[in-house]
Structures are given as structure tokens and as C-alpha cells.
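Close look at the chain arrangement
So the chains spell out like this:
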Amino acid sequence: MASANPKLQRRDLGLTGLKLSCIGFGASPLGNVFGAVSEDEANSAVRLAFSLGINFFDTSPYYGGTLSEKVLGKALRALGAPREEFVVSTKCGRYVEGFDFSAERVTKSIDESLERLGLDYVDILQCHDIEFGDLDQIVNETIPALLKLKQVGKIRFIGITGLPLGIFTYVLDRVPPGSVDVILSYCHYSINDSTLEDLLPYLKSKGVGVISASPLAMGLLTENGPPEWHPASPELKSACRAAGAHCKGKGENIAKIALQYSLLNKEISSVLVGMNSVRQVQENVAAAVEVTTVGKDEELLKEVEAILEPVKNQTWPSGIQKS
Ligand code: NAD
Ligand code: MG
């Protein structure tokens with residue numbers, strides 16, 4: 001598929017044959033996860049993103065308790081674009097009611113998602129935040145159920161998502177080669193935490209495509225700061241606030257510097273940014289085009305890295321903790 005915007009890079013997603021725009025549209029904000037978004041604004045943001053060359057849209061039944069899927073589906077249909085021109089990923093196993101990675105639930109889940117999205121198939125179906133489930137169930141029951149969905153054409157590719165990086169090696173070391181096509185990691189390839197980097201050679205050796213989400217660390221690396229529910233420690237929040245203020249003092253926006261940092265590693269097929277407005281789409285696409293054509297602001301990035309050094313690679317617990 002040719003890009004509407006030749007300046008916005010497309011990158012191969014592992015061995016899937018899909019070419020994703022280097023920035024992907026994270027649709028969790030369309031579920032009002034970061035504050036209320038009107039349907040008009042959502043439609044305009046999706047339309048502008050697509051027209052500027054973004055071809056990858058990510059959602060989940062969990063985001064806004066199914067709202068994100070409905071709003072995204074409506075916005076995508078309104079584009080009137082041929083189906084093969086956009087890539088849609090959604091997820092299964094995580095719902096506002098709780099987690100359920102059983103074969104029965106995920107098999108039903110895809111039908112519900114397709115109905116809400118108004119699509120015949122999704123390009124990628126991902127097991128959502130598997131550290132909250134039993135990883136052996138993911139290997140022995142969930143992935144086999146998803147393989148059946150692949151056979152009947154409801155999904156094209158299979159992925160797994162979550163926060164702790166160890167979940168990816170656990171599952172990928174145990175499933176038949178080629179059954180998991182993609183991993184989605186989040187909050188591990190941003191200026192404050194780049195621990196995903198160490199896993200990239202392993203993922204490449206497995207032929208698995210890499211999507212990295214939350215380059216803005218779920219709002220930590222923005223001028224407005226994170227939402228109330230953000231799990232970071234007070235130290236991490238305050239260091240990020242200081243980094244944002246430093247950029248502002250230099251007439252720059254921390255969000256731009258942060259997004260550009262994440263985009264520079266081409267082993268990552270797409271960096272998923274949550275966007276809820278036309279302005280954010282414009283800014284983020286401009287930042288991507290700038291960094292892949294002109295390059296990054298080395299000096300300011302070094303200063304920001306120095307401010308974040310005391311909290312570098314600090315993360316937070318997620319999932320069922322094992323001793
Ligand atoms: P993010 O780091 O992309 O930050 C999103 C926040 O930054 C939102 O509040 C957004 O409005 C704001 N923002 C975006 N562009 C901005 C700009 N230019 N200036 C100022 N603020 C800006 O975090 P995210 O939304 O959590 O992650 C991106 C996407 O990745 C999600 O929407 C979701 O699709 C996906 N994701 C998946 C998982 C998972 O599967 N477990 C986890 C996290 C994220
Ligand atoms: Mg999530």
C-alpha cells in the first residue's frame with residue numbers, strides 16, 4: 001500500500017508482510033481514558049491521521065469499556081477507504097469486568113469486536129496485558145484458539161501485549177515458531193525507560209514484529225502531565241515534570257522530543273501514540289517527519305536525559321506478581 005504522505009516512513013512488521021506507518025494511532029483516548037473526547041473530534045483526528053499517512057490504528061474492548069472500538073470503527077468507516085489501506089489491531093482477554101483468556105471468551109470476543117468496529121476481520125488480535133493471566137494458559141489455550149480464528153479469516157495475525165518484558169520471552173520460548181507474529185510493549189522505549197532495546201535482538205531472531213506503545217510514557221512526557229491514575233512513583237513524576245519544564249524554557253515541547261526519541265529505532269515497526277485531537281495528530285506527524293528527515297535535537301535530548309538519569313528505567317509493578 002502506497003502512503004498518502006511519502007515523508008511519513010513505513011516499516012515492515014516482522015514477517016507479516018504488513019507495512020506500518022512509523023507512528024500508529026493509539027485509540028485508547030477515544031475511549032475517554034485521558035478525558036472526554038467528542039465524536040466529532042475523534043472523527044476529525046482519525047481522518048487527518050489517515051490523510052497524513054498513518055495507516056495503523058490500535059484499540060481494545062477494554063478501552064473505555066468498548067467505547068474506543070465503537071468510536072474508532074465509526075471513524076474508520078467514515079473514511080470510505082479500501083479496507084487494505086488501513087491496519088487495525090484490537091485485543092482480547094481484558095475487559096472492564098476483568099480478565100478472561102479462556103478459549104471460549106476470546107473466541108466470542110472477536111465477534112463482539114468485529115461487530116463494534118463494523119469490520120469483517122482485524123489485521124492483528126492481541127492478548128491484552130497477559131501478565132494478569134496465567135502465561136501457561138496463554139501458551140496452551142489462548143494462542144491455539146487465536147490460531148483457529150486465523151484459519152477462519154477473522155484475524156490475520158496474532159500478538160501479545162503487556163508491561164513486564166519477561167512475559168514475551170516466556171511465551172515466545174514455548175509456542176510453536178510462527179504462531180505469535182507480533183508483540184506490543186509499552187512504556188519501555190521512551191527517554192525515561194529504554195529497556196525494550198535489550199530484547200530487540202531476541203525478538204528479531206524469533207521473527208516477531210515489534211510495536212512500541214506509549215512513547216510519552218502515558219502522559220508523563222507531556223506538558224500537561226499524566227492522568228490521575230498514572231502508576232509512576234512520585235519521584236518519576238516529578239523528574240518528568242522537571243524535564244517538561246526544561247524543554248518549555250527552551251521553547252520546545254517535551255512530547256515532541258520524547259516521540260522523536262522513540263521513532264529513531266527502526267527495529268521498532270510502529271510507535272503507538274495515544275491521540276485525541278486534530279492538533280495532536282498534526283504535531284506528532286510533523287515531529288515524525290522532522291526526525292526522519294532532519295534528525296533529532298541532540299543537545300536538548302542530552303539535557304533531558306541528564307534530568308531523567310536518576311529515575312532511568314524505573315518502572316512500576318503490573319500483573320500477578322510472582323516471587
Ligand atoms: P502515550 O504515551 O501515547 O500518551 C498519550 C497521552 O499523551 C494522551 O493523553 C494524549 O492525549 C497525549 N498526547 C499525544 N500527543 C501529544 C502531543 N503532541 N502533545 C501533548 N500531549 C500529547 O500513551 P498511551 O495512549 O497509553 O499509549 C498509546 C497507545 O498504545 C494506546 O492508545 C494504546 O492503543 C496502546 N497501548 C497499549 C497497551 C497494551 O496493549 N497493554 C498499553 C499502553 C498503550
Ligand atoms: Mg492498555
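Let me sum up the structure you'll find in this document. (Residues numbered from 1 in each chain as written. Chains lettered and ligands numbered in written order. Predicted model: local features only at pLDDT ≥ 70, side-chain atom pairs only at ≥ 80, totals over all residues. Heavy atoms only, no water.)

Before going further, it helps to examine the nonpolar core. Counting 111 residues, the largest nonpolar core has I23, F25, F57, I160 and L203 as its most contacted members. Leave out the neighbours within four places in its chain, and F25 touches L30, A45, V46, A49, I54, F56, F57, D58, L272, V273, M275 and V281. (Core = buried A, V, L, I, M, F, W, Y, C linked by side-chain atoms within 4.5 Å. Buried < 20%, exposed > 50% of the residue type's maximum accessible area, 1.4 Å probe, protein only. Contact = heavy atoms within 4.5 Å.)

Bringing the layout of surface pockets into the picture now. By volume, the largest pocket amounts to about 1,200 Å³. In terms of lining, the largest pocket is formed by 50 residues, of which the most central are S28, F34, M218, G219 and W229. When contributions to the lining of the largest pocket are tallied by element, the ones reaching two or more residues are β9 (155-162), β10 (182-186), β12 (270-274) and α9 (278-293). Partitioned by chemical class, the residues of the lining of the largest pocket number 24 nonpolar, 19 polar and seven charged. Counted as a void, the second largest pocket has a volume near 220 Å³. Considering the residues around the second largest pocket, the lining is formed by 13 residues, among which D12, G14, K204, V208 and E267 are closest to the centre. Contributions of two or more residues to the lining of the second largest pocket are made by α6 (200-205) and β11 (209-213). Broken down by element, the lining of the second largest pocket gets its largest block of residues, three residues, from α6. Its residues assigned to classes, the lining of the second largest pocket comprises five nonpolar, four polar and four charged. (1 Å grid on protein atoms, 1.4 Å probe; cavity = no way out; pocket = protein on both sides within 12 Å on 5 of 7 lines; lining within 4 Å. Points joined across faces, edges and corners; volume = space filled by probe spheres on them. Helix = DSSP H or I, 4+ residues; strand = E, 2+ residues; numbered from the N terminus. Nonpolar A, V, L, I, M, F, W, Y, C, P; charged D, E, K, R; others polar.)

Around ligand 1 lies a shell of 29 residues, among which S28, D58, D129, G274 and N284 are the nearest. Between Q280 and ligand 1, the recorded distance is 2.9 Å, taken from a side-chain N or O atom to an oxygen atom. A molecule is said to occupy a pocket when more than half its atoms come within 2 Å of that pocket's grid points, and by this definition ligand 1 occupies the largest pocket. Listing elements by their share of the shell around ligand 1, those giving two or more residues are β10, β12 and α9. Here the shell around ligand 1 is built from residues that sort into 14 nonpolar, eleven polar and four charged. (Near = heavy atom within 4 Å. Polar contact = N/O pair within 3.5 Å; in protein donor to acceptor, adjacent residues only side chain to side chain. Sits in = over half its atoms within 2 Å of the grid points.)

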